Amino acid sequence: MKKVRKVFTSINFKIAMIFMLLLLATIEIVGAYFTRQLEQTSIQSFETSIQIPNTISNQISAQLSRSNIHKANQQLNRIISNYNNNDAISSISIIDSKGVIRAVSNLNDQNRVGQRATNADVKEVLSSGKQVSKVINDDGNYMMQITPLTASNGTNTTIGAISVRASMQGVFNTIRNVSLVFLTASLVAAFLGAIVALIISRAITRPIEEMRKQALRVSDGDYSGHVKVYADDELGQLARAFNTLSVRIERTQEVSDSERRRLDNVLTHMTDGVIATDRHGNITIINETALDFLGKTEKEVIGEPITKLLGLKDVTIQDLMSSQQELMVTVNENTRDEMILHANFSLIQRVTGFVSGLVCVLHDITEQQKNEREQQQFVSNVSHELRTPLTSLRAYVEALNDGAWKDPNVAPQFLGVIQDETQRMIRMINDLLSLSRMDRGVAKMDLEWVNFNDFVSHVLNRFDMMIKTDEKNKKQSKKYSIKREFSGQDLWVEIDTDKMMQVIDNIMNNAIKYSPDGGVITVRLLQANKHIILSISDQGLGIPRKDLTKIFDRFYRVDKARSRKQGGTGLGLAISKEIVEAHHGRIWADSAEGEGSTFYISIPYEPMTEEGDSWDEV
Ligand code: ADP
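Starting from 1, residues in each chain are numbered consecutively following that chain's sequence as written. Given that this is a predicted model, residues contribute local features only at a pLDDT of at least 70 and side-chain atom pairs are listed and counted only at 80 or more, while totals for whole chains, interfaces and linings are drawn from all residues. Just so you know, side-chain values use all the structure's heavy atoms and leave hydrogens and water out.

- Under an unreviewed UniProt entry, the name given to the protein is histidine kinase, and the organism recorded is Lactobacillus hominis DSM 23910 = CRBIP 24.179.
- UniProt positions are given in the numbering used here, feature names are shortened, and annotations may be inferred rather than shown by experiment. What UniProt records for the protein under Catalytic activity (unreviewed entry) is the sentence "ATP + protein L-histidine = ADP + protein N-phospho-L-histidine."

### Structural notes on helix H6 (residues 169-219)
Here comes step 1: With 51 residues, H6 should cover 75 Å at 1.5 Å per step; its first-to-last C-alpha distance of 71 Å lies within 8% of that length.
Here comes step 2: Comment: elements are numbered from the N terminus, with helices defined as DSSP H or I runs of at least four residues and strands as E runs of at least two. Just downstream of H6 lies Gly 221, where phi reads positive at about 90 degrees. An expected span of 1.5 Å times one less than the residue number is assigned to each helix.

### Points about the site of the ligand
Here comes step 1: Around the ligand, the structure places 21 residues, and the nearest of them are Tyr 514, Asp 538, Ser 563, Thr 569 and Leu 573.
Here comes step 2: Lys 513 places a side-chain nitrogen or oxygen 3.0 Å from an oxygen atom of the ligand.
Here comes step 3: A 3.5 Å cut-off defines polar contacts: any pair of N or O atoms within that distance qualifies, except that in protein one atom must be a possible hydrogen donor and the other a possible acceptor, and neighbouring residues in sequence count only when both atoms are side-chain atoms. In this structure, Val 558 approaches the ligand through a main-chain N or O atom, which is 3.1 Å from an oxygen atom.
Here comes step 4: Accessible surface is estimated by sampling points in the Shrake-Rupley manner with a 1.4 Å probe; for residues, cover comes only from the protein chains shown. In the complex, the protein chains occlude 97% of the 530 Å² of accessible area that the ligand would expose alone.
Here comes step 5: Counting residues per element, the ones that place at least two in the shell around the ligand are helix H15 (497-513), helix H17 (572-582) and strand S17 (596-604).
Here comes step 6: Broken down by element, the residue count for the shell around the ligand peaks at four residues, all from H15.
Here comes step 7: For this classification, Asp, Glu, Lys and Arg are treated as charged, while Ala, Val, Leu, Ile, Met, Phe, Trp, Tyr, Cys and Pro are nonpolar and the rest, including Gly, are polar. Residues belonging to the shell around the ligand are distributed by class as follows: nine nonpolar, nine polar and three charged. Any residue with a heavy atom positioned within 4 Å of a molecule or strand is treated as near that molecule or strand.

### Section: the environment of Ser 346
Here comes step 1: Checked against the element boundaries, Ser 346 lands in strand S9 (residues 339-349).
Here comes step 2: Note on exposure labels: buried denotes an accessible area under 20% of the residue type's maximum, exposed denotes more than 50%, and partly exposed covers the range between, all computed with a 1.4 Å probe on protein chains only. The exposure class of Ser 346 is partly exposed, given its relative accessible area of 34%.
Here comes step 3: Along the backbone, Ser 346 and Gln 324 are 22 residues apart, and their C-alpha atoms lie at a distance of 5.5 Å.

### Description of helix H3 (residues 54-65)
Here comes step 1: The terminal C-alpha atoms of H3 lie 16 Å apart, and with twelve residues this matches the ideal 16 Å at 1.5 Å per residue to within 8%.
Here comes step 2: Inspection of H3 places Ile 56, Ser 57, Ile 60, Ser 61, Gln 63 and Leu 64 among the buried residues, and these make up the whole buried set. For H3, the angular spread of the buried residues around the axis is 165 degrees, confining them to a single face. In H3, the exposed residues that point more than 90 degrees away from the buried face are Asn 54 and Thr 55.
Here comes step 3: Close packing links the buried residues of H3 with helix H4 (69-82), strand S1 (89-96), strand S2 (101-104), strand S4 (142-150) and strand S5 (158-167). Regarding the arc, it is the one traced by the directions from the helix axis to the C-beta atoms. By definition, residues are in contact when any of their heavy atoms lie within 4.5 Å.

### Here we look at the nonpolar core
Grouped burial of nonpolar side chains is what soluble globular proteins tend to show.
Here comes step 1: With 48 residues, the main nonpolar core has Phe 452, Phe 455, Val 456, Met 508 and Val 523 as its most contacted residues.
Here comes step 2: With sequence-adjacent residues up to four places away left out, Val 523 is seen in contact with Val 456, Leu 460, Ile 482, Lys 483, Arg 484, Glu 485, Phe 486, Met 508, Leu 534, Ser 535 and Ile 536.
Here comes step 3: By nonpolar core we mean a set of buried residues, namely Ala, Val, Leu, Ile, Met, Phe, Trp, Tyr and Cys, connected to one another through side-chain atoms within 4.5 Å. Within the second largest apolar cluster, 27 residues are counted, among which are Ile 79, Ile 80, Ala 103 and Met 143.

### Looking at the pattern of salt bridges
Here comes step 1: Salt-bridge detection follows one rule: a side-chain nitrogen of Lys or Arg within 4 Å of a carboxyl oxygen of Asp or Glu. Tallied over the entire structure, the rule returns 21 salt bridges.
Here comes step 2: A salt bridge links Asp 439 to Arg 554; the nearest nitrogen and oxygen atoms lie 2.7 Å apart. Placement of the pair is Asp 439 in helix H13 (residues 411-440) and Arg 554 in the loop between strand S15 (531-537) and helix H16 (560-565), with a sequence separation of 115 residues.
Here comes step 3: Of the residues examined, Arg 554 reaches a relative accessible area of 24% and is grouped as partly exposed.
Here comes step 4: A network of salt bridges, in which partner residues are shared, links Glu 209, Arg 212 and Lys 213.

### Regarding the packing of aromatic side chains
Here comes step 1: Whether two aromatic rings pair depends on their centres lying within 6.5 Å, for rings of Phe, Tyr and Trp, where Trp uses its six-membered ring; planes under 30 degrees apart make the pair stacked, over 60 edge-to-face, and the rest tilted. In total, this model carries six aromatic pairs according to the counting rule given.
Here comes step 2: Considering the side-chain rings of Phe 452 and Phe 455, the 5.8 Å spacing of their centres and the 35 degrees angle between planes classify their relative orientation as tilted. Linking Phe 452 with Phe 455, this pair stays in helix H14 (residues 452-472), spanning three residues, or about one helical turn.
Here comes step 3: The exposure class assigned to Phe 452 is buried, which follows from its relative accessible area of 2%.
Here comes step 4: When the NZ atom of lysine or the CZ atom of arginine is within 6 Å of a ring's centre and also within 35 degrees of its normal, the charge is said to sit over that ring. Against the face of Tyr 142 rests Arg 165, its NZ or CZ located 3.6 Å from the ring centre.
Here comes step 5: Between the NZ or CZ atom of Arg 554 and the centre of the ring of Phe 378, over which it lies, the distance is 5.7 Å.

### Some thoughts on the pairing of strand S7 (residues 283-286)
Here comes step 1: Here the rule is simple: two strands pair whenever DSSP picks up at least two bridges between them. Bridge count for strand S6 (residues 273-277) against S7 is three bridges, and the pairing is antiparallel. Pairing of Ile 275 across the sheet is with Ile 286, part of S7.
Here comes step 2: As consecutive antiparallel partners, S6 and S7 are separated by five residues, and within that stretch Gly 281 has a phi angle of approximately 85 degrees, a positive value.

### A look at the sheet that holds S17
Here comes step 1: If you walk across this open sheet you meet the five strands as S12-S14-S15-S17-S16, and the pairing is mixed. Across the chains shown, the open sheet's two edge strands, defined by having one partner strand only, are strand S12 (480-486) and strand S16 (586-592). The mean inter-strand angle of the sheet, taken between neighbouring strand axes irrespective of direction, is 15 degrees.
Here comes step 2: Relative to strand S14 (residues 519-528), S12 runs parallel, the two being bridged by seven bridges. Bridge assignment links Ser 481 to a residue of S14, and that residue is Val 520.
Here comes step 3: Axis definition: a line fitted to C-alpha atoms, over the contacting stretch in the case of helices. Angles run 0 to 180 degrees between N-to-C directions. Sheet contacts for H17: S16 and S17; angle to S16, the most-contacted strand, approximately 135 degrees.

The following block contains the structure:
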């Protein structure tokens, strides 16, 4: 059905149709004119052919002038009976000036002789003296020709009339036959014309059809085809222009494709998230980074409003379009995966100024924000940590100033506290300085190869010495013992001995500080999985589970008052962590509250091969 309609609406069909209709209209007009002329000429010549010749009409006139009517009638009868010039004439009647029928050629009508002619035309001819010829169509097609007869004496008076009735069947048959031939010829001409019209219109529409097909291929992205140029006429020029156009489109498409690929690449590999929307704020493009930030898949977000995706409650898409704000977006708020994003909005505008959408660039500022927060926290912690000893110093100095210096019972105690606090502040400031050096990356690592076994033994020996010295001097200090569980093998590692000693000192001091008297401190050293693991366990207070990771933060103390009383700064483990990490190692703690704590240090270790050893010996 569709195909049939397509044929009828095609230019090909329309041109053929117009051509054929024009041809038919021309044939019709020519045909109508031709048959009309043919009819008129045929009737005229028929009229002439049935005209009674003058010789005969003179004879008749002479007979009508005779006084002996009977004899004249006989003569008239004879004249018209003998007259057989034309086969078409079926009857001849002679009427005198009084309108009486004087003779009839038709034998069946002889009874009309002597009667008055009733025909009005006869009366008309007799009175006017003019011939009347009429084609009568009833009772068979025939012609009635009534010719006036004038006196032979030259007076021109009408003395009668001859009425001739002649059949026109032959004439009309001829006209019909000629018309039939004409009609047949017209139909053949129309048919041939239609074929010619189809051929011509096909020649016009074929290049157009080819161009249509090529245009469809081009619109589908297939530029391989070419329109054939048939001639250098207008259609040929159009085909050539079309070919140039498709080459241009192909090139432009290539350029825009490679641009798009480049843009896609840039978008994919960008460390910032990028989201593009249409002008209603619904997402049209989103890159991998943005999806990672927001923890979504492309399928989930395409077509969704950007305000919903970013959880912007008080901002509408109109607000974003009108002011292109910069916003902070928090993802997974109050969870471990909390992420702070900086969202920068800008408009996508056409040259005309028409806004077709928005682009949002998301930048991960979680770390930056965390650092800022930590820095603020750090400054506030430092201020607080320094203010407390300074306040107590001021109190003691004021008391001494107010006269306590004179009191030998309190003055030395006050001065002792002042000395302790000052020392603690100096320690804290030294700790802060070494932390700051490590933060800035200026703390140089003084690496040397040592046998870790010997190194740890050397550090622990110092603690054993301290216990002995305290006992010798009868100094009141904490009682404790150190238990060593070392794997016998030599463990050669490259470390900064001073810094690593600081770490072990710190953990040992904590084990002593946070343990009651008589505790055993167990130090284990073993090698596992290309790592040396040093663990120091005490039988002290233990650390609550929730604080186990936090104790490595700067100034974090489980029990602030106790730590301060013990002269702690809250920075020891933070410094230890920095040092161990600078050795590419790890430090962590494990504890059972009230039973004791174990601190672990693991540092990378590459076992020496046999070859390496023998090479060393050389
Ligand atoms: P401090 O100068 O306060 O000792 P650290 O950074 O060395 O600072 O330790 C941080 C906190 O960790 C201490 O205040 C203490 O609460 C806890 N801590 C460290 N070691 C131990 C331990 N062996 N037993 C119990 N608590 C400990």
